[in-house]
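Here is how the chains run, residue by residue.
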Amino acid sequence: MRVSYKWLQEFVEIDIAPQELADRLTLAGVTVEGVTELGSGVSNVLTGRIESISPHPNADKLVVTSVNTGGVQRQIVTAATNVREGDVIPVAVEGARLASGLVIKKAKLRGVESRGMMCSGQELGIDPKTMVAEQANGIMILPPGTPLGKEAKEILGLDDHILELDLTPNRGDCLSMIGVAREVAALLGRPLRIPQPSFKELAESIEGQARVDIDATDLCGRFCARLIKNVRMGPSPLWMQQRLRNAGIRPISNIVDVTNYVMLELGQPMHAYDYNLLADGRIIVRRARDEEKMLSLDGCERSLTPDMLAITDSDGPVGIAGVMGGLTTEVTAKTTSVLLEAAFFNPISIRKTSKVLGLRSEASQRFEKGIDIGGAARATNRAAQLIAEMEAGDAVSGVIDVFPEPPQAKIVSFRPARAAYILGVEVPKEEAAEILTALQFKVRDSGADLLVTVPTHRVDVSLEVDLIEEIARMHGFDQVPGTLPFGQSTQGKQTREQSLIAGIRNRLAGDGLYELMTYSFTHPRVLDQMNLPGESPLRETVKLQNPLSEEHSVMRTMMLPGLLDALARNFSRRVQNGAVFELGRVFYPQGEGSLPEERQVLAAAAMGRTPAGWNAPAWELDFYYLKGVLENLFDYLRTEPVSFKPELENPSFHPGRSAWLEVAGARLGVLGELHPDVLEQFELPDRVVAFELDLDRLLAVSGRPPVYATLPRFPAVERDIAVLIKQGTPAVQVVDAIRSAGGDLLRSVSLFDVYRGGQVSQGYQSMAFSLRFYAEDRTLTDTEVAEITSAIAQALAQQFGAELRA
């Protein structure tokens, strides 16, 4: 909202500078983003009349003019094509400064002296978008009766300041000059001057000439109409054009400008219909019919829906309520009678219609925030008064006012004690009453409390706390004393789950994986790409009612497809190496009317090789890489023991090259190479490894308290053993057997070699283990270690038929 400082002074006496007023308003909750001084760089530009125009002796495209600037004749050479003898124009005389900073000097143009320059609106700092079309790109033509020799800044209203308001959505009442003046009057303690319309009406009555019917009373609470006859179309007065331009609105014609002027002054959007083009002189306010069409004022055909409110006559739509009028009843130069509209439309309906149609206007902005339902009739009368004053038409007697359900007055109880408790400062009851009265609330004393009647223009006030806010901002937020906070405080820290998840992210990133964030929405086709059978429960998805696109129509039940899409996108762009992970949620439907079950999942995928260095070769990002990443993660999280078991039934993974993870007797997730069919569907390389874990279950078994162990006081003894064992025997079972047979003195076991070759019988393999022994109270002897090693060999022979290699 652009507020003119000079226009504001018509409604309230202001004796402070524009910037100070802006600061006062901002402190009172009406934020002023900035103050702009119009014409600040313009000086010595006068009004002048072109007395004569003659050809330039040395140039075909230049003319020599004689301009009267109030008794002084000036010769000016110009190339302007839109000027005529008798036109009154702005003239920058010698020494003048324009908005661009240009200083005008006496000059010779093709041998002819020129003592000034004719000015366009842009050269005076006027936005061309707010100028009439024929003057936007040429010399500005002023009305014929404009006095000569006067400062053009004064004539054009450029000796003004504009306050740019940044209003909160609830303060629609400040989208008008009267609304802002009401705030200023309350702040400065000055009386508010509101113009009371007074004009002469024709003897004939509006009854029988026009009619308004409201079919959709839930969307239109009030509709007022006034008929103007003997309309004489033309430009509006210069002062009105100035105010419209300063507010950012382009003047169009006297009738249209009046409707915009009243909207700016009173906050009531208006529209003018060509009465002779309205079928039967009747207005019908109803919901639009499905696929109903209308040609709007901007020349575009609009397709309406039953959710939209249409203004129609007997033949069809003539306007979209609160958004834009129709072209069929547009006011033109041929118009002789107009029907003025001032109505109250449902804010939610207007906002939805404006959004769907992509049309947002000054009018729709006000309807969306809520306007004064009690001000519609006053707006039509004010418009009729302005039209009469400029002799642009005559008002027919009477106003059509269809008001189905006038709202009941809102009465709110105000308790000063409650206000003191909430604000932390005591405002006397008498001061509170004065503040509310200054804001046009009606206040009645009720003992210790006040009974406050809320005016219709304050649609944002309905509760006691709203009144307390009014008191606080007018009393002054800066008047509230500063106090230290008190009460029980809570230490801010992460929860156990948040700490563990942050640790997981850091650990995986430290192991070389990049974190991704993919959409929770996906397409059902990815379940086919993951090779899932038709009866898989993962195919039961949560379907979106309003998907962004078909590609994002269901909620995901697996995390891996999003990661594989990312790898495939990179692989197709010749990025052949990479490891990524994601922590997110998957969603499982729980039946009609129930929210889906959300489970946290940790997933990762890798392809290619690690980067090679000068001192280290590249190595494959394979099954054992991700297995090592997980083992490091489990060690960091201090989880309960996790075992890896062969996975043979998961259709997304390669049988024989994958494992499922078990912890505390429950399935934790799956790890392995992806199935070749899956790789083909995603157009990925021959080998990609991945895992997907139930993060909720992982967090539940993590965070075991660390157990302190003293450093060994005696040296450890290390032994290596190699055994021949049948191929296919899981290494974890062999390690468990070694630990069991080794007893408490066996501190660690690690597999460091697996060999299959000519020196080993067919169907067998050699597995070599490194064993580490030590005791806390003595140095172990070779004999003790040999006995334990022998027991281990016997246990392996009994359980697996293993033979100790020499």
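See the structure printed just above.
A few points on the structure. (Residues numbered from 1 in each chain as written. Predicted model: local features only at pLDDT ≥ 70, side-chain atom pairs only at ≥ 80, totals over all residues. Heavy atoms only, no water.)

1. A look at the overall build of the protein
Secondary structure assignment for the protein yields 20 helices and 39 strands. Since a compact globule built from 806 residues should have a radius of gyration of about 28 Å, the 42 Å found for the protein marks it as more spread out than a globular shape. Taken along its principal axes, the extent of the C-alpha atoms in the protein is 125 × 85 × 60 Å. Out of the 806 residues belonging to the protein, those deemed buried represent 48%. For the protein, the separation between the mean place of its 83 positive charges and that of its 104 negative charges on side chains is 3 Å. (Helix = DSSP H or I, 4+ residues; strand = E, 2+ residues; numbered from the N terminus. Rg over C-alpha atoms; globule rule 2.2 N^0.38 Å. Buried < 20%, exposed > 50% of the residue type's maximum accessible area, 1.4 Å probe, protein only. Lys, Arg positive; Asp, Glu negative; His and termini not counted. Charge placed at Lys NZ, Arg CZ, Asp CG, Glu CD.)

2. A few points about the nonpolar core
Counting 81 residues, the largest nonpolar core has Leu8, Ile14, Leu21, Val184 and Phe414 as its most contacted members. Of all the elements, helix H4 (residues 177-188) adds the most residues to this core, at nine residues. Ignoring anything within four residues of it in the chain, the contact list for Leu21 reads Tyr5, Leu8, Ile14, Ile16, Leu163 and Val184. (Core = buried A, V, L, I, M, F, W, Y, C linked by side-chain atoms within 4.5 Å. Contact = heavy atoms within 4.5 Å.)

3. Some thoughts on unusual backbone geometry
Outside of glycine, negative phi angles account for most residues, and trans bonds account for most peptide bonds. Even without glycine at this site, Gln440 takes up a positive phi of about 75 degrees. Note that Gln440 resides in the loop between helix H11 (429-438) and strand E25 (442-446). A relative accessible area of 36% places Gln440 in the partly exposed class.

4. Let's talk about the packing of helix H13 (residues 496-510) against helix H16 (residues 623-637)
One way to put it is that H13 packs onto H16 with a least axis distance of 10 Å and a crossing angle of 145 degrees. Taken as a pair, H13 and H16 cross one another with a handedness that is right-handed. Together, Leu500, Gly503, Ile504, Arg507 and Leu508 of H13 and Val629, Leu633, Tyr636 and Leu637 of H16 make up the contact between the two elements. Taken together, the residues of the contact of H13 with H16 sort by class into seven nonpolar, one polar and one charged. (Axes fitted to C-alpha atoms, helices over the stretch in contact; angles between N-to-C directions. Left-handed = near helix turned anticlockwise from the far one by under 90°. Nonpolar A, V, L, I, M, F, W, Y, C, P; charged D, E, K, R; others polar.)

5. A word on the environment of Leu192
Tracing the backbone shows Leu192 in the loop between H4 and strand E11 (201-205). For the pair Leu192 and Val12, spaced 180 residues apart in the sequence, the C-alpha separation amounts to 5.3 Å.

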